[in-house]
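# Summary of the model geometry
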Amino acid sequence: MGPSVRTTCPYCGVGCGVMAKPDGMGGAAIAGDPDHPANFGRLCSKGSALGETLGLEKRLLHPMRLGRNGSYARITWEDALDTIAQSLQRIAHLHGPDALAFYLSGQLLTEDYYVANKLMKGFLGTANVDTNSRLCMASSVAGHRRAFGADTVPGNYQDLDEADLIVLTGSNAAWCHPVLFQRMVKNRKERGAKIIVIDPRRTASADEADLFLQIAPGMDSVLFSALLVAIAERGHIDEAYVTAHTKGLSEALASARLLAPDLATAARQCGLSEKDLNQFIDLWLANEKTVTAWSQGVNQSAQGTDKVEAIINCHLATGRMGRPGLGPLSLTGQPNAMGGREVGGLANMLAAHLQFSSSDIDLVQRFWRAPRMAQKEGLKAVPMFDAIARGDIRALWVMATNPAVSMPRADHVRQAMGQLDLFVVSEVMRSNDTLNSGAHLLLPAAAWGEKDGTVTNSERRISRQRAFLDAPGETRPDWWIVCEVAKRMGFAESFSFASPDEIFAEHAALSGFENDGQRDFDLSGYVASAHNYREMHPFQWPFRKDEKPQERLFANGHFFTADHKATFHALEAPVLKDAPDDAFPLLLNTGRVRDQWHTMTRTGLSPRLSHHLQEPFAALNPADARDYRVTHGGFVRLTSRYGTAVLRADVSDAQRPGEIFAPIHWSAETSSDGRVGALVQPATDCFSGQPELKATAVKIEPVKFQREGFILSRRKITMTEGFWLTHVTLDHAQGIRLATDMTSNQVIAQLDAQCGACEKSEFHDEALGQHRVAYVLNGRLDACLFLSASGKTIEWNGVRELFGKDELSKTDRLILLSGQTGSGLSDTGPVVCACFGVPAPSIDQLIKSGAAKTAEQIGTLLKAGTNCGSCLPELRRMIRQQT
Ligand code: SF4
């Protein structure tokens, strides 16, 4: 074991500090960093399982080129880099610089992001650089810039510890920002803070709330307009603050009165009772120390910027800004969405939070000594892929993201990428939907654990990500790859960085260049100090020269607008861009689940994380299930105007009638029909360009298969067309959940062909209507197939345990084929606690027996919830449901 290395979790925007202790064999023991101010030692289920994602089996380790025969062949780095440099030059020469585009990611480190932006915006002369953060928090950026004059998050996480009221709107923080959510719950428990959750779905976060407002989709701005009207009418406007430090209140108030003319109308529009709306307003007015936190439920909307401004309007009107325990707080989705914003990773921003005014362009050009500065904003993600489809953009370089899964109209995006003249993908994994869309060149990127740099979390805190493993094969950090291409294009002088330290130093210097306190993003204190990148402790920006890093902003009412006043904004009436109609009568909402991240290229490698929710699903209300003849656990086809998916039905009263929720994680790599991005409509917010990922009109129909079941196998099994499939990573085997109309014999024939060397046994169980086949090689279970009639889902947990054995006993074989998975092989059901593998039935049993009445008692008896705490909301929900 080597010494522990302090680094940062690569998943959500909480930005937890991690201690990684390499084991000398390519793995590492992972623990929370007790000294990191974001998490003080805590990690959620995803962070705790990072050690299970370090394997090299599926890694891209060498540069590859797509050959004429459709397969990839290994090439040298020299060849790959020369090809990219020459092709970019040729395409720019033939079609102009706007025929080039980069599509980046909030997973990149700040240093990677910085050089990619510098190359495109300063040296190639186009701002066609956008990022998957466009899908994540662009509306917060636009809202901050319009209200504050800069993309500034005023507060910090400590405010969540000190608030008396926490309003979570459009945020299932219990699953998506779990460590931060545990801080909120702690405040509630220890200080009596109240939590209000506003969401169209009853989420795990809602289960912990003192007040849950199950709002109609898209109506957040009506709700906060009702609040703004109440603030004014009940005498809660902070006149001194508003007069001295803001402008535009009367226009904003007039629009709020149009949106929410009275409480009854507002409540009706929001789908809430007047009583609940009033209680929300009363609590908000009664508690000065209020933090309103939001994430994708607010941002991912064609009116996301309005929603952000509706929240900020209320905080400005009451002067609740920049002081301990209060303020608006955007929770970013990705680990370095904020770092991307700082370097200008969005097509409508320049580096260091500068904009596309002529003076800002001039400033950056002089600092970079750039020969060809972009003179205008570039194309944001959705129009960028449209431009690719039209052939206006001919070269695309995708780094560290998977737009073939995550973009709206994902089929259209996949098709568009297939027709590029130059399509480059920098990737950690050897296969994903994007590079499988016809990428010409694959560049092996160093992964988390192998590269150095910095990330910025939701509270403006910059932390180091440190390498603790050697980079395998020919993998290289993204910053190195970009710089090598830049050098080959003739820009060696400006891209001769020897390390990420040097890039960060330039980035910090640019932030302070001709700044004089006029711009929010400023690291000149870092530049002036005897800084030590290697030993850098997490710190917040702005960090101005001769000052300490600033924890909060705007308490003094000094904003970054020309007159230093914050701006209230009048709001438009909310309208869904793709509202349900007769043809597509239901509304599809998309989002994350607790134990997976984005398109599962990393979390999908962890057996522990695979146990929680194994299949792509569609959650729908029992009334809709009845109307559309859908059964819980059956299958449904969702169809929108843009695409289709077939998902497992989860009938649940957590959904409002008329609304469906489906997770975003499954791709063509992990499922046959689970790519939900294919359905999503492309409408975007006019200020932020963020797509409306949470409201697409769809229709639903039940899908019947003749049989369903599973395959567990040590070897890679490939099935032909004609199956609904989901691939699941397990401890000693790969799992495939399947459904099909094929006969049992046709299915078995496919397994036989791939397990030819094995000894085969099979049993048809008339009583249970199951067919079981086992393939044993050298005494060890190699693969098995369980099939049943449609609608009879078979759990595999008991059978799965047999793959942990080096030799099957006679009893094991009997148990396996008879399906009598007793004797320690019982079907244990879905796993609730990922850390200790505690299944739902064991918890249910404990609650039913009366042995556990609290989550803490369950923890004492079964250990569930005692490590990362991510499952605590589910434990409490199970207790509530049974008592
Ligand atoms: Fe990582 Fe979980 Fe912390 Fe997010 S909350 S940074 S996913 S450990």
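Residues numbered from 1 in each chain as written. Predicted model: local features only at pLDDT ≥ 70, side-chain atom pairs only at ≥ 80, totals over all residues. Heavy atoms only, no water.

Once that is clear, we can look at the sheet that holds strand β1 (residues 5-8). Ordered by their spatial adjacency, 3 strands build an open sheet running β1-β2-β3, and the pairing between neighbours is antiparallel. Two strands bound the open sheet, and with one partner strand each, they are β1 and β3 (28-32). In this sheet, adjacent strand axes meet at a mean angle of 35 degrees when their direction is disregarded. (Pairing = 2+ DSSP bridges. Helix = DSSP H or I, 4+ residues; strand = E, 2+ residues; numbered from the N terminus. Axes fitted to C-alpha atoms, helices over the stretch in contact; angles between N-to-C directions.)

Looking at the protein, the domain boundaries give domain 1 (5-53), domain 2 (64-136 + 336-540), domain 3 (138-330), domain 4 (586-703), domain 5 (707-818) and domain 6 (831-882). For domain 3 versus domain 5, the distance between C-alpha centres works out to 51 Å. (Domains from an automatic or database assignment.)

All chains considered together, the criterion is met by 62 salt bridges. The residue Arg 188 makes a salt bridge to Asp 210 at a minimum N-O spacing of 3.1 Å. Taken together, the residues Arg 188 in helix α7 (residues 178-191) and Asp 210 in the loop between β9 (194-198) and β10 (211-213) connect sequence positions 22 residues apart. A residue is classified by how much of its surface remains accessible, and Asp 210, at 34% relative accessible area, is partly exposed. Where Arg 390 meets Asp 392, a salt bridge forms, and the shortest distance between an N and an O atom there is 2.9 Å. For Asp 392, a relative accessible area of 42% gives the class partly exposed. Through salt bridges with shared partners, a single network forms among Arg 188, Lys 189, Glu 208, Asp 210, Glu 856 and Arg 876. (Salt bridge = Lys/Arg side-chain N within 4 Å of Asp/Glu carboxyl O. Buried < 20%, exposed > 50% of the residue type's maximum accessible area, 1.4 Å probe, protein only.)

With respect to the helices, strands and loops of the structure, Asp 220 is situated in helix α8 (residues 220-233). In this view, Asp 220 contacts Thr 169, Ile 215, Val 298 and Lys 307; residues no more than four positions away in its chain are not counted. (Contact = heavy atoms within 4.5 Å.)

Listing the buried residues of helix α11 (residues 263-270) in full gives Thr 265, Ala 266, Ala 267 and Cys 270. Tucked inside the fold, the buried residues of α11 contact α8 and α12 (274-286). With a side-chain oxygen positioned 3.1 Å from the backbone nitrogen of Ala 264, the residue opening α11 is Asp 262. Trailing α11 by a residue or two, Gly 271 shows a phi angle of about 75 degrees, which is positive. (Polar contact = N/O pair within 3.5 Å; in protein donor to acceptor, adjacent residues only side chain to side chain.)

Once that is clear, we can look at the sheet that holds strand β28 (residues 723-729). Taking strand neighbours across the sheet as the criterion, the 6 strands line up as β28-β29-β27-β32-β31-β30 in an open arrangement whose pairing is antiparallel. Each of the sheet's edge strands pairs with one partner strand only, and the pair in question is β28 and β30 (759-765). Sheet twist, expressed as the mean angle between neighbouring strand axes with direction ignored, is 15 degrees. Strand direction decides the pairing type here: strand β31 (residues 770-777) and strand β32 (residues 780-789), joined by 8 bridges, are antiparallel. Within β32, the position partnered with His 771 by the bridge is Leu 787. Across the sheet, helix α25 (residues 744-754) lies against β27 (707-713), β28, β29 (734-740), β30, β31 and β32, angled at about 10 degrees from β31, the strand it touches most. Packing against the sheet, helix α27 (residues 810-818) makes contact with β30, β31 and β32, and its axis sits at approximately 150 degrees to β31.

One can describe the packing of helix α17 (residues 381-390) onto helix α19 (residues 410-417) by two numbers: an axis separation of 8 Å at closest approach and a directional angle of 50 degrees. It follows from the interaxial angle that α17 and α19 lie oblique. α17 and α19 meet at a crossing whose hand is left-handed. For the pair formed by α17 and α19, the contact residues are Phe 385, Asp 386, Ile 388 and Ala 389 on the first element and His 412, Val 413, Ala 416 and Met 417 on the second. Tallied by class, residues from the contact of α17 with α19 come to 6 nonpolar, 1 polar and 1 charged. (Parallel < 35°, antiparallel > 145°, perpendicular 65-115°, else oblique. Left-handed = near helix turned anticlockwise from the far one by under 90°. Nonpolar A, V, L, I, M, F, W, Y, C, P; charged D, E, K, R; others polar.)

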